[in-house]
Amino acid sequence: MTVQALPAIGAPVTRVDGRLKVTGGANYAADWRPEGLVYAYQVLSTIANGRIASIDAADALRADGVIAVLTHENAPRVNGGSSNPNDRALHVLQSDAVEYDRQPVALVVADTFARAKDAASMVRVTYVTAPPRTRFDQGEIYTPKAIHGEPAEYVRGDAVAALHASPVRVDAIYTTPVEHHNPMEPHATIAMWEGGKLNVYDATQGVLAARARFAGVFGLPLDDVQVIDSFTGGGFGTKGSTWAHSILAAMAAKAVGRPVQLAMWRPQMWGGVGFRPATRQRVALGATHDGTLQTQIHETTAQTSLFDEFVESSGIITTMLYPSAALRVTHELTRLNFGTPTYMRAPGESTGSFALESAMDELAYALDMDPIALRLKNYADADPTKNIPFSSKSLRECYERGAEAFGWKERTPAPRSMRDGRYLIGMGMASSTYPTNRSKASSGYEIRPDGTAVFRAMGVDIGTGAYTTFTMIAAETLGLPIDRVRYELGNTDYPPAPVAGGSQLTASLGSATRMAALDARTRLIALAVGDEHSPLHGLDPASVTIVDGRIVAATTPSRGETVAALLTRNGGTPLTGVVDSAPGAEKDEYSMHAFGAQFAMVRVDPDLGTVRMVKQIGAFASGRIINAKTARSQYLGGMTFGLGMALLEISRPDDRTGRFMNANLGEYLVPVHADMGTIDAILVEEDDPHVNPIGAKGIGEIGIVGAAAAIANAVYHATGKRMRDLPITPDKLVS
Ligand code: MOS
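Summary of the structure given here. (Residues numbered from 1 in each chain as written. Predicted model: local features only at pLDDT ≥ 70, side-chain atom pairs only at ≥ 80, totals over all residues. Heavy atoms only, no water.)

1. As for the packing of aromatic side chains
The criterion, for reference: Pairing of aromatic rings covers Phe, Tyr and Trp, the last through its six-membered ring, and needs centres within 6.5 Å; plane angles under 30 degrees mean stacked, over 60 mean edge-to-face, and all others mean tilted. Helix and strand definitions follow DSSP, with helices as H or I runs of at least four residues and strands as E runs of at least two, each counted in order from the N terminus. Classification of residues uses two cut-offs on accessible area relative to the type maximum, computed with a 1.4 Å probe and protein chains only: under 20% is buried, over 50% is exposed, and between them is partly exposed. Geometrically, a charge over a ring is one whose NZ (Lys) or CZ (Arg) sits within 6 Å of the ring centre while staying within 35 degrees of the ring normal.
Overall, the coordinates contain 22 aromatic pairs when judged by the stated rule. Summarising the aromatic geometry, the rings of Phe-113 and Trp-265 are spaced 6.2 Å apart at their centres and angled 35 degrees between planes, so their arrangement reads as tilted. Linking Phe-113 in helix 3 (residues 113-120) with Trp-265 in the loop between strand 13 (260-263) and strand 14 (279-287), this pair joins segments that are 152 residues apart in sequence. Seen from their ring centres, Tyr-445 and Phe-455 are 6.3 Å apart, and the 45 degrees between their planes marks the pair as tilted. You can see Tyr-445 sitting in strand 19 (residues 441-447) and its partner Phe-455 sitting in strand 20 (residues 453-457), a full 10 residues away along the chain. For the pair Tyr-445 and Phe-455, a shared accessibility class is recorded, and that class is buried. These aromatic residues form a ring-pair network of at least three members: Tyr-445, Phe-455, Phe-470 and Tyr-487. Cation over ring: Arg-396 sits above Tyr-379, and NZ or CZ is 3.9 Å from the ring centre.

2. Overview of the environment of Arg-724
Inclusion rule: Here, two residues are considered to be in contact whenever any of their heavy atoms come within 4.5 Å of each other. Distance and chemistry together define a polar contact, namely a pair of N or O atoms within 3.5 Å, with one atom able to donate a hydrogen and the other to accept it when in protein, and with adjacent residues in sequence counting only for side-chain atoms on both sides.
Structurally, the position occupied by Arg-724 is in the loop between helix 16 (707-719) and helix 17 (730-734). Among the residues examined, Arg-724 registers a relative accessible area of 30% and is labelled partly exposed. Not counting residues within four places of it along the chain, the set of residues in contact with Arg-724 comprises Ala-172, Ile-173, Tyr-174, Thr-175, Phe-354 and Glu-362. Looking at Arg-724, its side chain comes within polar contact range of the side chain of Glu-362, at 2.8 Å.

3. Focus on the pattern of salt bridges
The cut-off we apply is this: Salt-bridge detection follows one rule: a side-chain nitrogen of Lys or Arg within 4 Å of a carboxyl oxygen of Asp or Glu.
Per the stated rule, a full pass over the model turns up 39 salt bridges. The shortest N-O distance in the salt bridge between Asp-17 and Lys-21 comes to 3.6 Å. As a salt-bridge pair, Arg-88 and Asp-308 come within 3.4 Å of each other at their nearest N and O atoms. Of this pair, Arg-88 sits in the loop between strand 3 (66-71) and strand 4 (97-98) while Asp-308 sits in the loop between strand 15 (293-305) and helix 7 (316-320), placing them 220 residues apart in sequence. Given a relative accessible area of 15%, Asp-308 falls into the buried group. Within the structure, one salt-bridge network assembled from shared partners comprises Glu-446, Arg-448, Arg-456, Arg-486 and Glu-488.

4. Re helix 3
Put simply, the rule is: Think of the arc as the fan of directions from the helix axis to the C-beta atoms.
If you check which residues of helix 3 are buried, you get Ala-116, Ala-119 and Ala-120. Down the axis of helix 3, the smallest arc covering the buried residues is 105 degrees, so these residues share one side. If you follow the buried residues of helix 3, they end up packed against strand 1 (38-44), helix 2 (58-62), strand 3 and strand 5 (104-110).

This is how it looks when you write it as structure tokens:
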């Protein structure tokens, strides 16, 4: 059988769903209008620790259009806990306890959104307030048993003794703040009950896990829950879990016997929908005079909530990026009065790379060595902790191509040595990496007698371009023009696929799609060569191919017929199938990661301490790139988030009340166009035969990894001031 391998870097195909989105035809969760829809609005706590003393909903219940008010006193009893460690424990009006700011304490249902929101302001809640724990020094520090099922500690040799014995060493504390995901689309859920069955439109990164969560909370069989999410306006991790508001929407729908929409208001996004936890990281590196690392110590302390555990895995990157005889990587937690933190934009790797790659820059200065040369000196040819080879690694090429495009050789090494008029110029770099994940996934196909094909799976397009890339894989594999293939996603009626998180959906569902399309192709060809009315009758199937919707003899393309003609003649019904795929034992044999190199150039005002981005260049090798256009957009998005992390993003709690003070997009700053300099991402070609059937590593998260360190390193180069506490705001540079 001759099947074209997918190209190393696929065509830059424009989003197949782009037109639908820009014309308003794409329905996001809150856009659906089931008949009889009513609207719920959450009343959130104004304290972070204590309990509800009283709730007076009388005025709210008298307000125009109000249908119901749910509180912990009248809400149905449900199970907000879970045995799945990926689920977050939920506060869904089951008790009077308040454990974080903006915890749901009541829910108002009314005939319009505006009336529900208005009436919510009339619900009077009084509290018994206790002082909140908001700082690391207030809580007990403990070591978690595991990080998402993996060890929390890694020890090789005597890392402390090796540090003392190293002639050149750096040892410093790096801190990163609480950040909130803030996708463009705030969380939203529409829930409706039909008989005992629950149907939900939910803004989520994964309908499969969402269905399981709804079923678990309400004690329903999986088949009695349907979750749909056709379009998602960004997730970045916050939509990777099902949170309290989604459950509350379903609870309210049951209580009022009508479909209920619950859409969150932007400031409510600082409530219980997760965030990136603050970290305090010690990184100590010891090296010989030639720059060879002898030891690496990476100790992370991060926050979790009083009632659940999430571990920010900052040290994991240090176990695999550079080799050293001795290593000590630890993770600790402390419980604070905030909601439970969660996965956010390369969780672990983002925060960890800031510390490690800043420390590597500090070491390069201590050694008087070029930062790229130091990294090349410590290039890991195999995974230093797992002691297995990498399935592929093109980090050298990333350094080279990134440095070339960036103009690294123009950099003069000494801090404060480059200027543009009165401004200080700095150039910095950092390594980047992200693990290649894959979960089992299935893809369903339907090849229709009109020559078109429909594929289906539960996977969700969270804005990444998944609709487009999966359509491309199906079309290229099947030999159909792309406009004759449609992919339907985000519905639990379709074959299962994992959450669009951990940069895994393309590797998982892309593999399933490739296998499903190959299956359909094989069946079509078998049908043709076995059909005595086909011009291909009797040919060896291996000598037949499908090109542009025609099944043809590979050597004589004029001999053949269209897929439509073949199917029309053979019963006129669609050819359907479902193909399951799952990772094998490859992760035991190979360490699988994407790699990259980040470069940043900044311009610093020496008097005002303001940092302006001049240029960001990233070079990434992530295996096979399905779509050069959407892949580049993913990288640029990650790098942009890196700028946010380095210079802008922080959620600031008031230590007296535990309330976030800047809970809006006016004061929580994310990068806008005016913040950006020149930005580009280089797609480094890489062939990986081991990772999965399509050879694709994830691209969703690697773009942010190392970006903040590259910028902090550039700021040091510009100013001579080492910024170890993010974000790098002007006050820190002028003090
Ligand atoms: Mo991503 S933080 O794994 O949704």
